[in-house]
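Chain by chain, the residues:
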Amino acid sequence: TGPSHVSLTFHDCQPALADFRRDVLDGLGRTRKALAAKYFYDEYGSQLFERICNTEEYYPTRTEAGILRAHATEIAETVGADCALIEYGSGSSRKTPLLLDALGQPAAYVPIDICKEQLLLSAARLAASRPGLEVVAICADYTQLQQLPAAAGLQDARRVIFFPGSTIGNCTPAQAAHLLRSAAGLLGAGGGMLIGVDLKKDPRVLHAAYNDAQGVTEAFNLNLLTRINRELHANFDVTAFRHRAFYHEEHGRVEMHLQSLAAQMITVGGATFPFLEGETIHTENSYKYGIREFQELAASAGFVPARAWTDPERLFSLHYLTV
Ligand code: AVI
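Residues numbered from 1 in each chain as written. Predicted model: local features only at pLDDT ≥ 70, side-chain atom pairs only at ≥ 80, totals over all residues. Heavy atoms only, no water.

**Student:** Help me understand the overall build of the protein, please; the structure alone is not making it clear to me.
**Tutor:** For the protein, the count of helices and strands is ten helices and 13 strands. Residues classed as buried in the protein amount to 53% of the 323 residues present. Considering only contacts in the protein between residues 6 or more positions apart, those separated by 24 or more positions represent 72%. Summed over its atoms, the accessible surface of the protein is roughly 14100 Å², and 52% of this surface lies on carbon and sulfur atoms. Computed over 29 positive and 36 negative side-chain charges, the separation of the two mean positions in the protein equals 2 Å. (Helix = DSSP H or I, 4+ residues; strand = E, 2+ residues; numbered from the N terminus. Buried < 20%, exposed > 50% of the residue type's maximum accessible area, 1.4 Å probe, protein only. Contact = heavy atoms within 4.5 Å. Areas by Shrake-Rupley, 256 points an atom, 1.4 Å probe, with all protein chains shown as cover. Lys, Arg positive; Asp, Glu negative; His and termini not counted. Charge placed at Lys NZ, Arg CZ, Asp CG, Glu CD.)

**Student:** Any chance you could explain the sheet that holds strand β8 (residues 253–260) here in plain terms?
**Tutor:** Strand pairing in a sheet relies on backbone hydrogen bonds, with the paired strands running either antiparallel or parallel. Across the sheet, three strands lie side by side as β7-β8-β11; this open sheet has antiparallel pairing. Pairing within the sheet leaves two strands with one partner each, and these edge strands are β7 (241–248) and β11 (280–287). Across this sheet, the average inter-strand angle for adjacent strands is 20°, counted without regard to direction. The sheet contact formed by β8 and β11 spans seven bridges and is antiparallel. Within β11, the residue paired with M256 across the bridge is E284. Here helix α9 (residues 216–232) sits on the sheet and contacts β7, β8 and β11; the angle it forms with β8, its principal contact strand, is near 55°. (Pairing = 2+ DSSP bridges. Axes fitted to C-alpha atoms, helices over the stretch in contact; angles between N-to-C directions.)

**Student:** Sorry, what's going on with the packing of helix α1 (residues 17–28) against α9 here?
**Tutor:** When two helices pack together, their arrangement is captured by the angle between the axes and the distance separating the axes. Viewed as axis vectors pointing N to C, α1 and α9 meet at an angle of 120°, and their least axial separation amounts to 11 Å. Between α1 and α9, the angle is such that the two are oblique. Crossing of α1 against α9: the hand is left-handed. Of α9, the residues touching α1 (which contributes L17, F20, R21 and V24) are R227, I228, E231 and L232. Among the residues making up the contact of α1 with α9, the classes are represented as five nonpolar, no polar and three charged. (Parallel < 35°, antiparallel > 145°, perpendicular 65-115°, else oblique. Left-handed = near helix turned anticlockwise from the far one by under 90°. Nonpolar A, V, L, I, M, F, W, Y, C, P; charged D, E, K, R; others polar.)

**Student:** Sorry, what's going on with the pattern of salt bridges here?
**Tutor:** Where side chains of opposite charge bring their charged atoms close, a pairing between them can arise. Evaluation of the coordinates by the stated rule reveals 18 salt bridges. For D42, the salt bridge goes to R230, with nearest N and O atoms at 2.9 Å. Taken as a pair, D42 in the loop between α1 and α2 (43–53) and R230 in helix α9 lie far apart in primary sequence, 188 residues in all. Residue classification places D42 among the buried positions, given a relative accessible area of 6%. (Salt bridge = Lys/Arg side-chain N within 4 Å of Asp/Glu carboxyl O.)

**Student:** What is the right way to read the pairing of strand β13 (residues 316–322) from this model?
**Tutor:** In regular strands, side chains alternate between the two faces of the sheet. Counting buried residues in β13 gives six out of seven residues, a clear majority hidden from the surface. As judged from the seven bridges shared by strand β6 (residues 192–198) and β13, these two strands associate in the antiparallel manner. Directly across from I195, in β13, lies its bridge partner H319. By the bridge criterion, six bridges tie strand β12 (residues 304–310) to β13 in an arrangement that is antiparallel. Its bridge partner being in β13, P305 is matched across the sheet by L321. The hairpin turn running from β12 into β13, its antiparallel successor, is five residues long, and R314 in that turn takes a positive phi close to 55°.

**Student:** Looking at this structure, I do not really get the site of the ligand. What am I missing?
**Tutor:** The ligand sits among 14 residues. The nearest are Y58, N170, Y210, E284 and S286. In the environment of the ligand, an oxygen atom lies 2.5 Å from a nitrogen or oxygen atom belonging to the side chain of Y58. Within the side chain of S286, one N or O atom sits 2.6 Å away from an oxygen atom of the ligand. Taken by itself the ligand offers 340 Å² of open surface, and the protein chains cover 98% of this. Those elements that place two or more of their residues in the shell around the ligand are α2, α9 and β11. (Near = heavy atom within 4 Å. Polar contact = N/O pair within 3.5 Å; in protein donor to acceptor, adjacent residues only side chain to side chain.)

**Student:** Would you mind going over helix α7 (residues 173–187) with me for this structure?
**Tutor:** For an α-helix, the turn length of 3.6 residues means that residues three or four places apart are oriented alike. Relative to the 21 Å expected for 15 residues at 1.5 Å per residue, α7 spans 21 Å between its end C-alpha atoms, a close match to the ideal helical length. Considering only its buried residues, α7 is in contact with β2 (83–88), β5 (158–163), β6 and α10 (291–300). Backbone geometry just downstream of α7 places G188 in the positive-phi region, at approximately 75°. (Expected span 1.5 Å × (residues − 1).)

**Student:** Explain the environment of G196 here, please?
**Tutor:** Take G196: it is sitting in strand β6. When neighbours within four sequence positions are excluded, G196 is seen to be in contact with E64, F163, P164, G165, S166, I168, F316, S317 and L318.

Shown next as structure tokens:
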């Protein structure tokens, strides 16, 4: 092992197909049909999400990257270089270099993602571009991850979780508090979390961000039906559903739905589900917070809010929380 050594290990804790089947049958059987947003991320869904991040209307990705660039030195000083960096929902790991460049070489980098194909690709790319960095890739649903595998760089190092993109917004506040509490447990004393949180704003900006003109978000939403057809032998006619996304002021969240254009019967793995014309499957919540509001949520889950950064237009926030 030396500075030119490429170090990449892979741990596969991918959720089983049986979990997907159980969750889909359960979600479609409810009075208000709903599916968990984490199921968007099959290989094609993950690629579509990357494309959403590059649309004109979807401001979170470039705004968060701008905050990381503008405050790189201060963020690095706050986070501290002497850590093992764990990334929740690492996806393409495109923002990671911004943080790594500012931090220098952490003891290890641990990307965790539910999509194996994308994780392997991005972890390999990152390991190759940073010889000497120990990369420990884990394919898992990070909401279910209780502990990390034994790896050299993870033994004694202080742990920091990087959780960008406002993915925490895809949890309800109660689920978010639960996830933060379990993250605090994984971090242990001295640990910290650098987390991106989308801010409340003009609903027109939100509406545009989730209804992009190119229809990438629409394709991302509808791809969930294609995935269910392929993996669970269902018979959704994707053209008989449409994408709906709107801001629900009272709940402080964008909701995404798939709306049935006709009365129809759908079979999934032998079970039949009736749809009324206009009925929807609720596929995603994307909660938006005020800075204080999020700090209070984090504090209720056992974190101490240490710092928060935002962009000049106050579209997005980046928080550092300590255990
Ligand atoms: C991953 N997550 C934070 C995105 C969001 O904005 O809630 C997923 C997404 N859904 C539609 N567009 C993007």
